[in-house]
Amino acid sequence: MPPKKAAAAEKKILLGRPGNNLKIGIVGLPNVGKSSFFNVLSKTDLGKAANFPYATINPEEARIPVPDPRFDWLCDLYKPASRVPAFLTCIDIAGLTAGASTGAGLGNAFLSHVRAVDGIFQVVRAFDDAEVIHVEGDVDPCRDMEIISTELRLKDIEWVEKHLDGLKKTGRSLGNTSLADKAKKEEIATVQKIYDVLTKENKDVRKVEWNNKEIDVVNGLQLLTAKPVTYLVNLSERDFIRKKNKWLPKIKAWIDEHNPGDPLIPFSVALEERLANMSDEERKEEEQKLGVTSSLGKITQAGYASLDLIRYFTCGPDEVRAWTIRKGTKAPQAAGVIHSDFENKFVCGEIMSYEDLREYGSESAVKAAGKLRQQGKPYEMVDGDIAYWKAGA
């Protein structure tokens, strides 16, 4: 008898809502520079995005083009009539204060807004300015991060406790025979584990290794501490240019202790505001003079990556376009982002990698080298794939 094939490793489910239209919320205490950052971010053309229409959906929500040198190169190659980059949807959320989890200030509204987004840009103030008062009286970024972390966790504890009580009430009558009863018992055990992580281990939900069954339960609860966080440290222009600030090592140490692995990006809203009011030429000149560049592109890319988003391209003389999908998306679902018919009547995809096109210089050369692949339904998309979809009538 031939040896048994080794079982394929179970594919890990991602934390968070399924889907491609994910949003990132800008969170922080009042007067740390959130709205100024949002205004600069939503008005900027992020370098090469000058000719692309970005849509401000309302005063608090904007679609920001994600800079990508691959997209720029493809536009140079195809010279299309229309160019549509990938976008990141950003939402400016009102300032949070201590006590928000119990409804203090605009606490409940604030936390419901955080629940509606998929990731968090946490803006942390590390600049002194007598004219911009701090809600806590003085500047202390580590205390501010502690306040936000505590409020989000407290709200999750309240939410999970309520859910657990409801499950336990209905769980008293469960037996051991039916599959449905067993599944319900497993769910109760998982929710209890989540509760213990938040209360006994004092950890954010996203910092724990969950198996796929547990992730299904975590995702169903839409917890605040399950959302990825990117810390944006708002420095004075002077500190940003000289790359020195007394708080930065302390902030890094706080993240390493409480949420290891979370990205930290220093930037300066004051500098970004100044650069945003300049023409392209003036901005380049000013950046060269100061020896720094705008951080907005880096921040947008970090937010996009934190949501486990990747992109594939469709290219031709009419249009070069980047399509946003989540990591692990299969070919039919990726095609369905363009139109549901492409998913429902999917036949196959003709796919080449961006690297191959870059190396060979043209589609015909890629084809001649045998690098254009026909992929069926099981194919998992790779960031930077260039795809042509075939669908049935």
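Figured I'd write up the structure that's included with this text. Fair warning: this is a prediction, and the values are worked out from it, not measured in the lab. Every chain is numbered on its own, with residues counted from 1 as its sequence reads. Where totals are concerned, whole chains, interfaces and linings use all residues; where local detail is concerned, this predicted model gives features only for residues with pLDDT of at least 70, and gives and counts side-chain atom pairs only at 80 or more. Each side-chain value is derived from all of the structure's non-hydrogen atoms; neither hydrogens nor water enter the calculation.

1. Observations concerning the overall build of the chain
Using the following cut-off: Counting from the N terminus, the helices are DSSP H or I runs at least four residues long and the strands are E runs at least two residues long. A simple rule labels every residue: compare its accessible area, found with a 1.4 Å probe on the protein chains alone, to the largest value its type can have, and call it buried under 20%, exposed over 50%, or partly exposed in between. By definition, residues are in contact when any of their heavy atoms lie within 4.5 Å. Surface exposure here means Shrake-Rupley accessible area, sampled with a 1.4 Å probe, where a residue is shielded only by the protein chains that are shown.
On a plain count of helices and strands, the chain comes out with 15 helices and 13 strands. Within the chain, the fraction of its 393 residues that count as buried is 47%. A separation of at least 24 residues holds for 72% of the contacts in the chain among residues at least 6 apart in sequence. About 19,800 Å² of surface is accessible on the chain, with carbon and sulfur atoms providing 53% of the total.

2. Comments concerning the pattern of salt bridges
Where we set the bar: A side-chain nitrogen of Lys or Arg and a carboxyl oxygen of Asp or Glu constitute a salt bridge if their distance falls within 4 Å.
The tally for this structure, following the rule as stated, stands at 25 salt bridges. The partner of Asp383 in a salt bridge is Arg70, and the shortest N-O contact between them spans 3.2 Å. Of this pair, Asp383 sits in the loop between strand S12 (373-375) and strand S13 (385-391) while Arg70 sits in helix H2 (residues 69-78), placing them 313 residues apart in sequence. The buried category is assigned to Arg70, whose relative accessible area is 15%. Each of Arg153, Asp204, Arg206, Lys207 and Asp262 takes part in one network of salt bridges that share partners.

3. Remarks on the side chain of Gln375
Here Gln375 shows up in strand S12. Every residue in contact with Gln375, bar those within four places of it in the chain, is listed here: Phe346, Cys348, Gly349 and Ile351.

4. Examining unusual backbone geometry
Trans is the prevailing form of peptide bonds, just as negative phi is the prevailing case for residues other than glycine. Of note, Gln222 is a non-glycine position whose phi angle comes to about 50 degrees, a positive value. Mapped onto the elements, Gln222 comes out in the loop between helix H6 (212-221) and strand S7 (229-234). Under the relative-accessibility criterion, Gln222 is labelled partly exposed at 38%. Backbone geometry places Asp308, a non-glycine residue, at a positive phi of 60 degrees.

5. Describing the packing of helix H4 (residues 141-171) against helix H8 (residues 248-258)
For clarity, the threshold we go by: Fitting a line to C-alpha atoms yields each axis, with helices limited to the stretch in contact; the angle taken between N-to-C directions then spans 0 to 180 degrees. Should an angle fall under 35 degrees it is taken as roughly parallel, and over 145 as roughly antiparallel, whereas 65 to 115 is taken as roughly perpendicular and any remaining angle as oblique. Here is the rule for handedness: rotate from the far helix to the near one, and if that takes an anticlockwise turn smaller than a right angle the crossing is left-handed, while a clockwise turn gives right-handed. Three classes are used, and their members are as follows: Ala, Val, Leu, Ile, Met, Phe, Trp, Tyr, Cys and Pro are nonpolar, Asp, Glu, Lys and Arg are charged, and the others, Gly among them, are polar.
Between H4 and H8, the shortest axis-to-axis distance is 9 Å and the interhelical angle comes to 30 degrees. In this view, H4 runs roughly parallel relative to H8, as classed from their interaxial angle. By crossing handedness, the relation of H4 to H8 is classed as right-handed. Counting all contacts with H4, which are made through Pro141, Cys142, Met145, Glu146 and Ser149, the residues of H8 involved are Lys250, Ile251, Trp254, Ile255 and His258. Of the residues in the contact of H4 with H8, the class split is 6 nonpolar, 2 polar and 2 charged.

6. As for the packing of aromatic side chains
What counts here: Within 6.5 Å between ring centres, the rings of Phe, Tyr and Trp (the latter by its six-membered ring) count as paired, and their orientation is classed by plane angle as stacked under 30 degrees, edge-to-face over 60, tilted in between.
For the structure shown, the criterion picks out 6 aromatic pairs. An angle of 75 degrees between the planes, with centres 6.2 Å apart, marks the rings of Phe37 and Phe121 as edge-to-face. Of this pair, Phe37 sits in helix H1 (residues 34-43) while Phe121 is found in strand S6 (residues 119-125), placing the two residues 84 residues apart along the sequence. A relative accessible area of 1% means that Phe37 is categorised as buried. The exposure class assigned to Phe121 is buried, which follows from its relative accessible area of 0%. Measuring from ring centre to ring centre gives 5.2 Å for Phe37 and Phe267, while their planes differ by 65 degrees; the resulting arrangement is edge-to-face.

7. Quick look at the nonpolar core
Stated precisely, the cut-off is as follows: Joining through side-chain atoms within 4.5 Å is the link that ties buried Ala, Val, Leu, Ile, Met, Phe, Trp, Tyr and Cys residues into a set, and such a set is a nonpolar core.
With 72 residues, the main nonpolar core has Phe37, Leu74 and Phe121 as its most contacted residues. When residues no more than four places from it in sequence are discounted, the contact partners of Phe37 are Ile26, Phe121, Val123, Leu232, Phe267, Val269, Leu296 and Ile299. Of all hydrophobic cores here, the second largest spans 19 residues; its members include Leu164, Val197, Val208 and Leu223.

8. A closer look at the packing of H1 against helix H9 (residues 269-276)
Where H1 contacts H9, the axes come no closer than 10 Å and their chain directions differ by 30 degrees. Where H1 crosses over H9, the two elements pack in a sense that is left-handed. Facing Ser36, Phe37 and Val40 of H1, the residues of H9 in contact are Val269, Glu272, Glu273 and Ala276. Split by residue class, the contact of H1 with H9 holds 4 nonpolar, 1 polar and 2 charged.

9. Considerations on H2
Think of an α-helix as 3.6 residues a turn; residues three or four steps apart then line up on the same face. Note the cut-off: Any N or O atom pair separated by 3.5 Å or less is treated as a polar contact, with the protein-specific requirement of one donor-capable and one acceptor-capable atom, and with residues adjacent in sequence counted only for side-chain atom pairs.
Here H2 has its buried residues at Arg70, Phe71, Trp73, Leu74, Cys75 and Tyr78. Of the residues flanking the start of H2, the one acting as N-cap is Asp68, its side-chain oxygen 2.9 Å from the backbone nitrogen of Arg70. Remark: Lys79 follows H2 within two positions and exhibits a positive phi of approximately 45 degrees.

10. Quick word on the environment of Thr199
Residue placement: Thr199 occurs in helix H5 (residues 179-199). Taking C-alpha positions, Thr199 is 8.7 Å from Arg153, a pair spaced 46 residues apart along the chain.

11. Observations regarding the side chain of Glu287
Note the following rule: Asp and Glu count as negative and Lys and Arg as positive, but His and the ends of the chain are not part of the count.
Mapped onto the fold, Glu287 is located in helix H10 (residues 280-290). Buried charge Glu287 goes without a salt bridge, the closest partner of opposite sign being Arg283 at 5.6 Å.

12. Observations concerning the pairing of strand S9 (residues 309-314)
Counted only if it meets this: We treat two strands as partners when DSSP finds at least two bridges between them.
Burial of S9 is extensive: 6 of the 6 residues sit out of reach of the surface. Bridge count between S9 and strand S10 (residues 319-326): 6 bridges; the pairing is antiparallel. Residue pairing for S10: Phe313 is matched across the bridge by Ala322. Connecting S9 to the antiparallel partner S10 that follows it, the hairpin turn spans 4 residues.

Nothing here speaks to function; it is geometry throughout.
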